[in-house]
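# Commentary on secondary and tertiary structure
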Amino acid sequence: MREELLRKDLVEYALQSVRNRLMERVKEYPDDRLLEILIKDAESAYDYAGRLKFRRGISRWVPDRFPDGEKIISTSAEYAYKYANDILHGRFEQGERAISTSAQYSLHYAEDVLKGRFELGEEAISKDATCASRYASDVLNAKTESGGRFPLGEEAISKDAKCASWYAAEILERNFPEGEEAISKNGQASYDYAVTIGGRFIPGEEAISEETRLMYLYAKDVCGGRLPDEMHNKMVMLGGFS
């Protein structure tokens, strides 16, 4: 009897905790239908599961998961990932299809939950330069035969100057011809890329020349202390050095 009363109290606590959120979405509903409405909303179902888990230390009966809410949670990339990471602390296979539609949550799911590749989500990840770069670094690097390379994502990476320069330095540790066009349009990326390849990066010198600080670093770290004449003249004109 005591445990049954405690169970009822905890369920009411969890329902009450999400009542205000539901009120914003459902203007009129009977209280006895609150749970029915809750399991039709991914955010509220996730929140309910989280609040039950928070109270779990009070009684051994409180479950580690919220089975009634998993169907709706599994339709949302965001809440399927959060449910796996925050509630289950492990895979949520039912939600993986939804997670795989999002580059961001596919990356987080691979990093935080699977601690390894999430092949189902790689197509989505490959379309986002930042996510693809992080996936190569944090998930694939030194853990796969590719040594960190993520060929599927290289097209997207190659179109982002900063990501392409970083990918060349940290993953390929050599030149990245596919990314050079994008890199050449960004001064900082061009300087970084020149350091990576260990020599002048002529296509990026115009962009480097737009900033005195970068020309100084380019001279010191890449050109052996002396800029090419055109860059040197511009540096002098800008008052950098004579």
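Only a predicted model underlies this, so the values are computations on that prediction, with no experimental measurement involved.

### Notes on the overall build of the protein
In terms of regular secondary structure, the protein is built from 16 helices and zero strands. For the protein, with 242 residues in total, the buried portion stands at 48%. Across the protein, contacts joining residues at least 24 apart in sequence account for 42% of those joining residues at least 6 apart. Split by element, the accessible area of the protein, about 13,400 Å² in all, is 46% carbon and sulfur.

### Thoughts on the environment of Gln104
Note on placement: Gln104 falls in helix H7 (residues 103-114). Under the relative-accessibility criterion, Gln104 is labelled partly exposed at 42%. A sequence separation of 28 residues divides Gln104 from Ala132, and the C-alpha atoms of the two residues are 9.6 Å apart.

### What to know about the environment of Glu206
Along the chain, Glu206 turns up in helix H14 (residues 205-208). Sequence separation between Glu206 and Ser184 is 22 residues; the distance between their C-alpha atoms is 8.1 Å.

### Examining the packing of aromatic side chains
Enumeration according to the criterion identifies eight aromatic pairs in this entry. Between Tyr135 and Phe150, the aromatic rings sit 5.0 Å apart at their centres with planes inclined by 55°, giving tilted as the arrangement. Of this pair, Tyr135 sits in helix H9 (residues 129-140) while Phe150 is found in the loop between H9 and helix H10 (154-158), placing the two residues 15 residues apart along the sequence. Classification of Phe150 by relative accessible area gives buried; the value is 3%. Between Tyr167 and Phe176 the ring centres are 5.5 Å apart and the planes differ by 50°, which places this aromatic pair in the tilted class. Summarising the burial analysis for this pair, Tyr167 and Phe176 share the class buried.

### Quick notes on the side chain of Glu154
One can find Glu154 in helix H10. Residues within four places of Glu154 in sequence aside, it is in contact with Arg149, Tyr167, Leu172 and Phe176.

### A few points about H7
Between its first and last C-alpha atoms H7 spans 15 Å; for twelve residues at 1.5 Å apiece the expected length is 16 Å, and the two agree. A large share of H7 lies buried, amounting to nine of its twelve residues. When H7 is considered as a whole, its buried residues turn out to be Ala103, Tyr105, Ser106, Leu107, His108, Tyr109, Ala110, Glu111 and Val113. Contacts from the buried residues of H7 go to helix H5 (77-88), helix H6 (96-99), helix H8 (122-126) and H9. The residue sitting at the N-terminus of H7 and contributing the capping side-chain oxygen is Ser102; that oxygen lies 3.4 Å from the backbone nitrogen of Gln104. Once H7 finishes, Lys115 follows within two positions and takes phi at roughly 55°, a positive value.

The rules we used
Residues numbered from 1 in each chain as written. Predicted model: local features only at pLDDT ≥ 70, side-chain atom pairs only at ≥ 80, totals over all residues. Heavy atoms only, no water. Helix = DSSP H or I, 4+ residues; strand = E, 2+ residues; numbered from the N terminus. Buried < 20%, exposed > 50% of the residue type's maximum accessible area, 1.4 Å probe, protein only. Contact = heavy atoms within 4.5 Å. Areas by Shrake-Rupley, 256 points an atom, 1.4 Å probe, with all protein chains shown as cover. Phe/Tyr/Trp six-rings, centres within 6.5 Å; stacked < 30°, edge-to-face > 60°. Expected span 1.5 Å × (residues − 1). Polar contact = N/O pair within 3.5 Å; in protein donor to acceptor, adjacent residues only side chain to side chain.

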